Amino acid sequence: MAKFEVAEKRLFANIWICMRCNAKNKCGTGKRPDCCRKCGSKRLRLKSKQKKVK
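All of the points below concern the structure found in this document. (Residues numbered from 1 in each chain as written. Predicted model: local features only at pLDDT ≥ 70, side-chain atom pairs only at ≥ 80, totals over all residues. Heavy atoms only, no water.)

### Comments concerning the overall build of the protein chain
The test is simple: What counts as a helix is a DSSP run of H or I of at least four residues, what counts as a strand is a run of E of at least two, and both are numbered from the N terminus. Each residue is assigned to one of three classes by its accessible area relative to the maximum for its type, calculated with a 1.4 Å probe on protein chains only: buried under 20%, partly exposed between the two thresholds, exposed over 50%. We call two residues in contact when some of their heavy atoms are within 4.5 Å.
Broken down by element type, the protein chain carries one helix and three strands. Going from the N terminus to the C terminus, the protein chain shows its helices and strands as α-β-β-β. Counting across all 54 residues of the protein chain, residues that qualify as buried make up 24%. Considering only contacts within the protein chain whose residues lie at least 6 apart along the sequence, 29% involve residues at least 24 apart.

Next up, the structure:
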């Protein structure tokens, strides 16, 4: 999706999305965060690198 590697890392690396409240959780260490920063849910997924096609 991104045109160059630096932009792709900035947009997608270490960003987790909460499946309950859709909050972005950035984790600088590279490992999965324990819980969501807003709602405390443990249901997290990595940010998608591709857009969904309808």
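Let us keep going from here.
### Some remarks on the sheet that holds strand S2 (residues 24-26)
Rules: Each pair of strands is called paired provided DSSP finds at least two bridges between the two strands. Fitted lines through C-alpha atoms serve as axes, helices being fitted only where they are in contact, and the angles separating the N-to-C directions of these axes extend from 0 to 180 degrees.
The strand order across the open sheet formed by three strands is S2-S1-S3, and the pairing between neighbours is antiparallel. Of all strands in the sheet, those bounded by a partner on one side alone are S2 and strand S3 (44-46). The average undirected angle you get between the axes of adjacent strands in this sheet is 35 degrees. Two elements, strand S1 (residues 15-18) and S2, share three bridges in a ladder whose sense is antiparallel. The residue bridging Ile 17 from the neighbouring strand is Lys 24, located in S2.

### Here's the deal with the side chain of Asn 25
Quick note on the threshold: In protein, a polar contact means a hydrogen-donor-capable atom and an acceptor-capable atom, both N or O and within 3.5 Å, with residues adjacent in sequence counting only if both atoms are side-chain atoms; elsewhere, any N or O pair within 3.5 Å suffices.
On the secondary structure map, Asn 25 appears in strand S2. For Asn 25, a relative accessible area of 5% corresponds to the buried category. Of note is the side chain of Asn 25, whose polar atom sits 3.5 Å from the backbone oxygen of Ala 23. Apart from the residues within four sequence positions on either side, Asn 25 is in contact with Asn 14, Ile 15, Trp 16, Cys 18, Pro 33, Cys 35, Cys 36, Arg 37 and Leu 44.

### Thoughts on unusual backbone geometry
A positive phi angle, close to 60 degrees, is found at Asn 14, a residue other than glycine. Its identity as a non-glycine residue notwithstanding, Asn 22 has a phi of 60 degrees, on the positive side. Counting through the fold element by element, Asn 22 comes out in the loop between S1 and S2.

### Brief notes about the side chain of Ser 41
You can see Ser 41 is positioned in the loop between S2 and S3. Note on Ser 41: relative accessible area 4%, which makes it buried. Ser 41 has contacts with Cys 18, Arg 20, Cys 35 and Cys 36, leaving out every residue within four places of it along the chain.

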